[in-house]
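Notes for the structure review
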Protein chains: 2
Amino acid sequence: MADLLEILTSAGINLATALGFLVAFALLRLQPINDRVYFPKWYRKGIRGSPTSSGTFVKRFVNLDAMTYIKFLNWMPAALRMPEPELIDHAGLDSAAYIRIYVLGLKIFFPITVLSLAVLIPLNYTNDTLEKSKEVEYSDIDKISISNVPTASLKKCDDHTFQIWKFCLSSRFIGHLILSYVFSIWTCFVLYHEYKTVATKRLQFLASQKRRPDQFSVLVRNVPPDPDESVSEHIEHFFCVNHPNDYLTHQVVYNTNKLAKLVAQKKSLKNRFVYYQNKYERNPEKSRPTTKTGFLGLLGDKVDAIDYYTTEIEKLSEEKKERERVASDPEAIMPAAFVSFKSRWGAAVCAQTQQSSNATIWLTEWAPEPRDIYWRNLSIPYVELNVRKLLMAVAFFVLISFFMIPIAFVQTLANIDNLKKALPFLKPIIEKCQVKSVIQGFLPGIALKIFLAILPMILMLMSKIEGYTSLSSLDRRSAAKYYLFILINMFLGNIVAGTAFEQLEEFTSQASSEYLKTIGRTMPMKGTFFITYIMVDGWSGIAAEIIRLVPLALYHFKNTFLVKTEQDREEAMNPGSLAFATNEPRIQFYMLLGLVYSVVTPLLLPFILIFFAFAYVVFRHQIINVYDQKYESGAAFWPRVHMRVIIGLIVSQVLVIGLFSTLDVHYSTYILIPQPILTFWFYRVCKGRFEPAFVTFPLQDAMVKDTVERATEPTLNLLAYLKDAYVHPDFKGGEMYKPEAIDEEERNPLVPTKRTSQMASQTGSKHESEGSEGPFLKS
Amino acid sequence: MADLLEILTSAGINLATALGFLVAFALLRLQPINDRVYFPKWYRKGIRGSPTSSGTFVKRFVNLDAMTYIKFLNWMPAALRMPEPELIDHAGLDSAAYIRIYVLGLKIFFPITVLSLAVLIPLNYTNDTLEKSKEVEYSDIDKISISNVPTASLKKCDDHTFQIWKFCLSSRFIGHLILSYVFSIWTCFVLYHEYKTVATKRLQFLASQKRRPDQFSVLVRNVPPDPDESVSEHIEHFFCVNHPNDYLTHQVVYNTNKLAKLVAQKKSLKNRFVYYQNKYERNPEKSRPTTKTGFLGLLGDKVDAIDYYTTEIEKLSEEKKERERVASDPEAIMPAAFVSFKSRWGAAVCAQTQQSSNATIWLTEWAPEPRDIYWRNLSIPYVELNVRKLLMAVAFFVLISFFMIPIAFVQTLANIDNLKKALPFLKPIIEKCQVKSVIQGFLPGIALKIFLAILPMILMLMSKIEGYTSLSSLDRRSAAKYYLFILINMFLGNIVAGTAFEQLEEFTSQASSEYLKTIGRTMPMKGTFFITYIMVDGWSGIAAEIIRLVPLALYHFKNTFLVKTEQDREEAMNPGSLAFATNEPRIQFYMLLGLVYSVVTPLLLPFILIFFAFAYVVFRHQIINVYDQKYESGAAFWPRVHMRVIIGLIVSQVLVIGLFSTLDVHYSTYILIPQPILTFWFYRVCKGRFEPAFVTFPLQDAMVKDTVERATEPTLNLLAYLKDAYVHPDFKGGEMYKPEAIDEEERNPLVPTKRTSQMASQTGSKHESEGSEGPFLKS
C-alpha cells in the first residue's frame, strides 16, 4: 500500500506547489507594476497603454480593487474563450498549431485513459500472481500493472495452431494485446485527423494572408562565379533568360559582419544620448548631466554627457562609409540572393524546379520571410555544407554518448574532500553541518542541471553550424536533436541505464532479442519513477512557465537600474517566444511515456492527461497575452510533430513486443510484429498525403491569389513593394527585427534607380505603418 | 597444394568451355542462315539485307569462304573498335551506359588486383601460422589468404595508447587495414568520376536529342472527378488556368483491355490472310489454298483459306465499333492524361511542381517516352498504390525468407522412392542404373534452377503490381529486388547459411557483435567456393550469352515451321534486349565479391577481372549487333548502379570489421568503424550532386533547347506533332511497338478537329518515316 500512498502524497505535494504558483501568478498579474511582464503582447501590439502613467501613485503599482482578487482564477476561462480563428489572427498560426499539440495529446490520451483504466485495471487486479510469489516485493501499483497477470504456462506441444487458440482462450494477456492494437489504431486515427486539420488550416492561412514579400521571392544560393559579370549582373541575366515572363528583381546578400558591429554601437550611443537629453529637458534648471568616458560610464574622465554622445555619434559616421563600402565592394557580395518575381506563380515555379544541370549551383528554395532569415548561413558552398553536416552528426553522437564524462568530472571536483583540498580557506565554512549537507545534496546534481539547461543552446549552435538558413528551420532541427537526446538519454537511459554509447555497447554485446527482453523486464518497474517525473518536471514546469519568474525578476531589475528611455523599457519587457526547440521535444517525451505505459501501467495515464490539460490552458494564456513570435512559419513544424509521435508509437510497440517476449507468451510476438510495420506504413502514407502542403506552394493556390490580386489591385506597383524587402537589416539601421519593418515597405514610394546608391540613401528611413498589427495577420 | 591445383583445373575446364562456346559462335555467325540471329539489329535498322535471298542455293545457308574462317575471332576487335559517341548514336545511351558498368568494374578492380597481389600475397605467404597449428587442414589458397597472418597476441595492459602503437608496429595486419582504406578510397574515387561522366553524357545526350514528344509532355495522374465536366474538359480547364502561357493540348488515357484483345485477333487473321494470298499468287495454277476452321487450322471443316480469312476479318469490324465505343464512352476514360505544353520549359515546370494543395490529386511527373509507358498502371488511386506497395513489401519479404519451402517440397516429390510410388509404371525405367543416377544427380537441383530462372519474372510481376508507370522504372525496381535477393540469399546465405528468415532469427538470437564475428570467421573459408562460382556462372554465362543458343534454336524452329509471311520472319528474329533487371544485379554480385575479398582472399580478384573484361567485349558486341532496346531512358538507371556498388562497399567494410574482430586485434575495429560512415556520407554527397540530373529536366537546359528550336524552326506546328503522340497503341492498330510509329506522327498533316472522331479515323493509317533510324538517335 505504501507505494500508492507515496505516489498520492507526491501528487498532493506537486498539486499544492502548482496551485501555489497559480495563486501567486493570479495575484502578481493583477498588479499594474507587473503588467508589462504578463501582458507584453498587447503592449507590442499597441493596444494596451501603460497603466503606470495614470492614476494615483499607489494605484500605479498595486491593485486595490478587491473584486478582481475574488475572481483571481478567471484568467483560465478567459484563456479558453478566444476561438481558434481569432487566436490565429491574434498570435499567428505557429502558436495556434503549437497549442494543438496539447490538444492532440488530450485527444489521444483521454479515450485511452478511460479504456485502459476500465479494462486493464480490473483485468490486472483480479489476479494473484504477485501475492502467490512470496519472495517478490510488490506494491499496489504493481498489483494493477501487467506484472500481476499470470503467464500462461502452456505445455509445449507440436500442434502450433492449437497452441495459439489455447493461448487466446486461456490467457488474460489477450486483453492487453487487443488493447495495444486498439490504442495504436486510435492514435493513428487521431494523428491522421489532426494532420489533415492542420494542413487545411495552413492552406487557409496561406490563402488568406495579406501580400507578403516571401510569397514572391525565392532564395537563390551557390551562384557560380562568372569572370565577366558581377554577381548581381549574373543573377539578373540568368533569371531574365530562364524565367523571362516572371522575373522581376533581385537583392544580393552582403557580408555585413563589420557593419553589424558599428550599427549596434551606434544604437547604444543614441540611446544614451536620448536618455541624457530627456533627463536634461525635464529639469533644465539643474546642471547638465555628466558621464564618465571609461568602462560602463563608471570610470574615466567626467564630461558633459550630451556633448560627449553627440560627438561620439558623429564619429560613427564611418558607419555610413562602411555601409557604402559594403554596397560597392564586390568582395562583400556573397554568392546568394533573394530573387523576386512578378507573380506568386512564378516564385512557386522557381522555388520548386531545378535551374541548372549542375545540382550544386543555382539552388533555389522558397524564401523565408525577412524576419525569419538567418543571414550568416546564406553563402555556404555545397561541399562545405556537407562536411559541416557530417561533422555535426559525429559531434552529436559524441555529445549524446559522452556527455556524462565532463559532468562526472565536475561532480568529482564538487566533492567535499576535493573542494577542501582545492580551496583550503573554505574549510571552516564547509565543515559546518548544514553547509556540508547542502553541498553534498545539491552540488553533484547542479552540474547536470546546468548542462541540461544549456543543452538546447548547444544544440542550437550545432544546428547553426549545420548551415540552415532560417530561424524556423534552426528551431526544427534543434528540436529534432533534443528529441533524440531525450529519447536516448532520458527515456532509454532510465530504462536500460547508461548513455547512448553504453547502450550501444550493451546492444552489440547482447542478442537483440535478449536486449529487447531486458528493456521489457525493466520497463514496468520504472512506471512509478516516470509518474514522479511527470509531476515534478511536467506539472511544476508548466506552473513555473506561467509565473515567468525569470522575466519578472529581470524586468524589475532592468526597470529599476538600467532602463533609460522608453525604448529601453520596451526592450526590457522581453515577451519571449514559444521555445519550440525546447518545449516540443518535452511534450513528445510525455506522449512517448503515455504510449509506452498505456498497456503496461495504466495508472500513469491520468497524470499525463492532467499535464496536457494544464499545459493547454497555460500555454493558451501565454500565447494570447505574452509571447511575441520572432517569425511566422505557418505551422511548418507539424510534419515533424507528427513524425515524432509516430516514432514514440513505434518505440512503444517495439517495447511491448519486448515485454511480452519476457512473459513466455511466445505467440504474442508474432501477433504484435505487424504493428510497427503497419505504423511505419501509415507514416509513409501520411507523409505523401500531407507533407507537400507544408513544403511547397501549390501552383493552383498561387494562381488563385495572383488572379484575385490582379483583379482587385490592377495598379499595384510590385517592384516598389519588393524592392527592399530583403535588404539586410543592418542596411536599414537595424530596425528589421520589428514586425512593422516588413509592412512599412508596402507604402514606401521608392523610385527604382541604381540599387547601390539607393540602399545607402535608405539608411535610417522609417515610415510608420498604418495599422499596428503585424504583417502576418489576416486583413 | 591440392586446392590450388583444383582451382587451376577448374579454371582450365571453364576456360576451355568458354573457348568452345566462342569457337562455336565464331563458326555459327559466319553462316548466312544464322545471319538474322547474330545481326538482327542491322536488319531492324534496315541496313543489312537478307543474305538468303541472293547467291547460290548452298551459299545461302553455308559460308564457303575460307578466309573468313581463318579470321574467326576478329569480331572481338570489331566490337571494341566502335567509339563511344558512335555507340551512343547506334544503340542509345542506355546500352552505352550499361557497358560502362563493366568498365567501372575494370577500373575499380584492375589497380586493386595489382596492389592486392603485390602487397598482400607476400605479406600473407611469409608467415607460418597455418604450418605451426598442426591440427588445422589448410590449402595453398589459405596460405596466401589472411588466415595465415599471426594474430598479435598483445598482453592486456592498461595503457591503451601504448597498446595501439604496439599493435601498429608489431602486427602485419596494419597492411590489411591500410589497404582496406586504400581500396575504399579508390573505389569511391572511381565511382565519383564515373557518376560525373555518365551524368555529363546524359546531359549531352538529352541536349543533342531530336525533338521528342516526351520533352513536351507530362503525365498527370489522379485527376479528381468533377460532377459537371468530363475528365477531358476538367483537365483542359485546370491546365488552361494554372499554366496559361504554356498549356497546349492533352490526351486522356483509355481503358482498352477489350480492344487490345480484338486488335491482337485481327492482326493474327490478317497475317494468315496475307500468307495464303502470297502462296496462291506465287502459284496461281495450283488450286486455291484451303484451311480448317478449328483448333490451329488442324481440325474442323476444310474451307477456302482466302475467302475464309476475308470474311473473318470483315467480321472483326466490331473492333472498329469497340474503338469508337471506347473513345466515346466516358466510363472507359481513366483519370489520367498526357498533357503537352508549348515549350520544354513549360513541361519541365509542370513536371517538377506541385499542382494542387491536396498532394494526392493532379500528380504530375515527366512523361515516359511513348514506347516506355506501361499503360495498365496509369490509373491507380493514391491509397490503393500505397496498399499495393505495402503488400508487395510483405510479399517480397516472404519470398526471400521462405522461397526454399516450395522448392524443398518439389525436391521431396522428385525423390526416386516417392517417384516410384507416385508413378509405378515408370518403375522399370527408373531402376535402370544410368537413369537413376541422372535423376538423383539432377532432379533435386532442377527445381531450384527453375525457380531461379523464373525469379526475375516473379519480381517483375511484383513490380508491376506495385504500380510503376514505365517499363524503365519497372526494370529498375525489379533489379533492386533481385539485388536484394542475391545479396541476402546468394551472398549472406552462402556465408551464414540459411534464408533471410533464418538469418534474421540467428541475428536476433545472437549478439550482433557475435553475429558479425560468425560471418567474419566463415567468410575467408568461402573464398574458393565463390571463385568456382565466378567461373561457372560468370565466365560460362557470358560465353552462353554470345552464342544465343535459345534464340538460335527458336529462330530456326519458327523459320521452318511457323513463319508464313515476311512479317513473321521479322518477328521470329527476336533480337531481345539487355535484360537490365536480371543482368545488372548479377554484375553487382561480382562487384560485391571483389570488394569483400579484396583484403581477405586476393586470389579471387583476377577471376573477377577476367569476368569483367570478357563480359565487356561480349556485351559490346551484342549491343552493336543484336539487342534492340524497347525504350531509351537516357541512362536513368545509373544512380541505382552507383548506389548498389556503394551498398557492396559498405557490406564489405562491415564484414572486414567482423573479420578483424575475430582476430583478437581489438583496436582494428575502432580504426575501421569510420569507413562505412564516411562511405555513406560519400553516397549522400554524390546523390545530392548528381542524382537530380537523372530525375529532373533543368530549366536552363530546357530553355536552351526551346530557344534554339524557335530560332531554327519558327513555323513548327507543335500541336500537330504532339496531337497523337500519346494515343494508346491499340488505337493505332497496335503499331506503337515499332520505333517508327513515333516519328511518323511528325509528318502527319492532321487537322485538329473533334478528338474522338479523329481517333477513330486514324485507325490503321501508317506513314513511312523518312529515315529508318529510331526516334531516339541523334540527328
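Residues numbered from 1 in each chain as written. Chains lettered and ligands numbered in written order. Predicted model: local features only at pLDDT ≥ 70, side-chain atom pairs only at ≥ 80, totals over all residues. Heavy atoms only, no water.

If you check an unreviewed UniProt entry, chain A appears there as Putative calcium-dependent channel, 7TM region phosphate from Rosa chinensis. In its Subcellular location (unreviewed entry) section, the UniProt entry covering chain A states "Membrane". Looking at chain A in UniProt, the text filed under Sequence similarities (unreviewed entry) is "Belongs to the CSC1 (TC 1.A.17) family." (UniProt positions renumbered as here; feature names shortened; annotations may be inferred.)

With that settled, consider the UniProt feature "transmembrane region" (unreviewed entry) in chain A. Residue and element names in this part refer to chain A. Here, UniProt's "transmembrane region" (unreviewed entry) annotation points to residues 12-30, 101-123, 173-192, 390-414, 442-461, 482-501, 587-620 and 641-661. In residues 101-123, helix accounts for 100% and strand for 0%; the two terminal C-alpha atoms are 32 Å from one another. Taken end to end, residues 641-661 has its terminal C-alpha atoms 30 Å apart, with 100% of it in helix and 0% in strand. (Helix = DSSP H or I, 4+ residues; strand = E, 2+ residues; numbered from the N terminus.)

A few words on the sheet that holds strand E5 (residues 333-341) of chain B. Consider a sheet: its strands pair through backbone hydrogen bonds, and that pairing is either parallel or antiparallel. Residues and elements named next belong to chain B. With respect to topology, four strands assemble into an open sheet ordered E2-E5-E1-E6, the strand pairing being antiparallel. Across the chains shown, the open sheet's two edge strands, defined by having one partner strand only, are strand E2 (247-254) and strand E6 (363-366). Mean inter-strand twist for the sheet, computed between neighbouring axes without regard to direction, equals 30°. As defined by bridge partners, strand E1 (residues 217-221) adjoins E6 across four bridges and the pair is classed as antiparallel. Among the inter-strand pairings, Val-218 is bridged to a residue of E6, identified as Trp-366. (Pairing = 2+ DSSP bridges. Axes fitted to C-alpha atoms, helices over the stretch in contact; angles between N-to-C directions.)

This brings us to the environment of Gln-265 of chain A. All names here are of chain A. With respect to the element layout, Gln-265 can be found in helix H15 (residues 257-282). Since its relative accessible area comes to 43%, Gln-265 is described here as partly exposed. The spatial distance from the C-alpha of Gln-265 to the C-alpha of Ile-313 is 9.1 Å, given a sequence separation of 48 residues. (Buried < 20%, exposed > 50% of the residue type's maximum accessible area, 1.4 Å probe, protein only.)

What follows deals with the interface of chain A and chain B. Across the contact, 47 residues belong to chain A and 47 residues belong to chain B. Buried surface at the junction of chain A and chain B, both sides included, amounts to about 3,800 Å², of which 59% is carbon and sulfur. Contact with chain B buries area across many residues of chain A, yet Gln-354, Ser-357 and Trp-681 of chain A alone supply 15% of it, more than any other trio. Our enumeration of links across chain A and chain B arrives at zero salt bridges. Remark: the boundary between chain A and chain B carries 18 residue pairs in polar contact (both at pLDDT 80 or more). Mapped by element, the contributors of at least two residues to the side of chain A that touches chain B are helix H14 (231-242), helix H18 (344-352), helix H19 (382-402), helix H25 (500-509), helix H26 (512-525), helix H34 (674-695) and helix H35 (699-712) of chain A. For the side of chain A that touches chain B, the leading source of residues is H34 of chain A, giving eight residues. (Contact = heavy atoms within 4.5 Å. Buried area = accessible area lost by both parts, 1.4 Å probe. Salt bridge = Lys/Arg side-chain N within 4 Å of Asp/Glu carboxyl O. Polar contact = N/O pair within 3.5 Å; in protein donor to acceptor, adjacent residues only side chain to side chain.)

As a further point, take the pattern of salt bridges. All names here are of chain A. All told, the structure shown has 34 salt bridges over all chains when counted by the stated rule. Here Glu-194 makes a salt bridge to Arg-100, at a shortest N to O gap of 2.7 Å. You can see Glu-194 sitting in helix H12 (residues 173-208) and its partner Arg-100 sitting in helix H8 (residues 93-125), a full 94 residues away along the chain. As far as the burial class goes, Glu-194 and Arg-100 line up, both buried. Linked through salt bridges whose partners overlap, the residues forming this network are Glu-84, Arg-100, Lys-107, Glu-194 and Lys-201.

Mapping chain A onto chain B calls for a rotation angle of 180° and an axial translation of 0.0 Å; the resulting RMSD is 0.1 Å. Within this description, the copies of the chain are treated as partners about a two-fold rotation axis. The position closest to the rotation axis in chain A is occupied by the C-alpha of Ala-511 of chain A, lying 1.7 Å away. A symmetric contact is evident, with 100% of the interface residues of chain A recurring at the interface of chain B. (Least-squares fit on C-alpha atoms with pLDDT ≥ 70 in both.)

Further remarks concern the packing of aromatic side chains. Geometrically, a pair of aromatic rings is defined through the distance of the ring centres and the angle of the planes. All names here are of chain B. Evaluated as defined, the whole model comprises 58 aromatic pairs over all chains. The interplanar angle of 80° and the centroid separation of 6.3 Å between the aromatic rings of Phe-239 and Phe-341 together place this pair among those described as edge-to-face. Placement of the pair is Phe-239 in helix H14 (residues 231-242) and Phe-341 in strand E5, with a sequence separation of 102 residues. Ring geometry for Phe-239 against Trp-362: centres 5.8 Å apart, planes inclined by 85°, an arrangement best described as edge-to-face. (Phe/Tyr/Trp six-rings, centres within 6.5 Å; stacked < 30°, edge-to-face > 60°.)

A few words now on the sheet that holds strand E5 (residues 333-341) of chain A. All names here are of chain A. In spatial order, the strands read E2-E5-E1-E6; together these four strands make up an open sheet with antiparallel pairing. At either end of the open sheet lies a strand with only one pairing partner, and these are strand E2 (247-254) and strand E6 (363-366). Averaged over all neighbouring strand pairs, the angle between strand axes comes to 30°, with direction disregarded. With four bridges connecting them, strand E1 (residues 217-221) and E5 associate as antiparallel partners. Its bridge partner lying in E5, Val-220 is registered against Ala-337. Its contacts with the sheet place H14 against E1, E2, E5 and E6, and it is angled at close to 150° to E2.

Moving on to the nonpolar core. Judged by nonpolar contacts, the single largest core of 130 residues is most densely connected at Tyr-98, Phe-491 and Leu-593 of chain B. In terms of residues, this core owes the most to one element, helix H31 (residues 604-625) of chain B, which gives 15 residues. Those residues within four positions of Tyr-98 of chain B in sequence are excluded, and the remaining contacts are Leu-578, Phe-580, Asn-583, Ile-587, Phe-619, Ile-623 and Phe-637 of chain B. Core analysis: the second largest hydrophobic core is formed by 128 residues, Phe-580, Val-600, Phe-612 and Tyr-616 of chain A among them. (Core = buried A, V, L, I, M, F, W, Y, C linked by side-chain atoms within 4.5 Å.)

Here H31 of chain B contains 22 residues, and its C-alpha end-to-end distance of 32 Å stays within 8% of the 32 Å for a straight helix at 1.5 Å per residue. Within H31 of chain B, 19 of the 22 residues are buried, which leaves it mostly tucked inside the rest of the structure. (Expected span 1.5 Å × (residues − 1).)

This part is about the side chain of Ser-652 of chain B. Residue and element names in this part refer to chain B. As for its position among the elements, Ser-652 is in helix H32 (residues 638-662). What makes Ser-652 buried here is its relative accessible area of 5%. Setting aside residues no more than four positions away along its own chain, Ser-652 makes contact with Leu-595 and Val-596.

Another aspect to go through is the packing of H8 of chain A against H12 of chain A. All names here are of chain A. Orientation of H8 relative to H12, taken along the N-to-C sense of each, is 165°, at an axis distance of 10 Å. When the interaxial angle is binned, H8 and H12 end up roughly antiparallel. The handedness of the crossing between H8 and H12 comes out as right-handed. Partitioned by chemical class, the residues of the contact of H8 with H12 number 17 nonpolar, six polar and five charged. (Parallel < 35°, antiparallel > 145°, perpendicular 65-115°, else oblique. Left-handed = near helix turned anticlockwise from the far one by under 90°. Nonpolar A, V, L, I, M, F, W, Y, C, P; charged D, E, K, R; others polar.)

Moving on, we come to the pairing of E2 of chain B. Looking along a regular strand, one sees the side chains alternate between the two faces of the sheet. All names here are of chain B. Extensive coverage of E2 is indicated by the burial of seven of its eight residues. Across seven bridges, the pairing between E2 and E5 is antiparallel. In the strand pairing of E5, Tyr-254 is matched with Ile-333.

Another point: H19 of chain A. End to end, H19 of chain A covers 30 Å across 21 residues, agreeing with the expected 30 Å (1.5 Å per residue, within 8%). Tyr-382, Leu-385, Asn-386, Leu-390, Met-392, Phe-396, Leu-399, Ile-400 and Ser-401 of chain A are the residues of H19 of chain A that are buried.

Let's shift gears to unusual backbone geometry. Even without glycine at this site, Trp-362 of chain B takes up a positive phi of about 50°. Of note in this structure, Ala-635 of chain B is not a glycine but carries a positive phi near 60°.

Mapped onto the elements of the fold, Phe-205 of chain A is located in helix H12. A relative accessible area of 7% means that Phe-205 of chain A is categorised as buried.

Attention now goes to the confidence of the model for chain A. Residues and elements named next belong to chain A. Counting all residues, the mean pLDDT for chain A is 76, and 73% of those residues have values of 70 or more. Confidence over residues 152-158 falls short of pLDDT 50; this stretch has 15 contacts with residues more than four positions distant or in other chains. For the stretch residues 734-779, pLDDT sits under 50, and the model shows 82 contacts to residues farther than four places along the chain or on other chains. Quick note on the complex model: pTM equals 0.80, ipTM equals 0.76. (pLDDT = per-residue confidence, 0-100.)

Going through the model one piece at a time under the given rule, you end up with zero disulfides over all chains. Cysteine Cys-350 of chain A is unpaired, with the sulfur of Cys-240 of chain A as its nearest cysteine sulfur at 12 Å. (Disulfide = S-S within 2.5 Å.)

Residues and elements named next belong to chain B. Across the interface, helix H7 (residues 84-91) lies against H31 with an axial gap of 9 Å and an inter-helix angle of 50°. Here H31 runs oblique to H7, going by the angle between their axes. Contacts between H7 and H31 involve Glu-84, Leu-87, His-90 and Ala-91 from the first element and Arg-620, Ile-623 and Ile-624 from the second.

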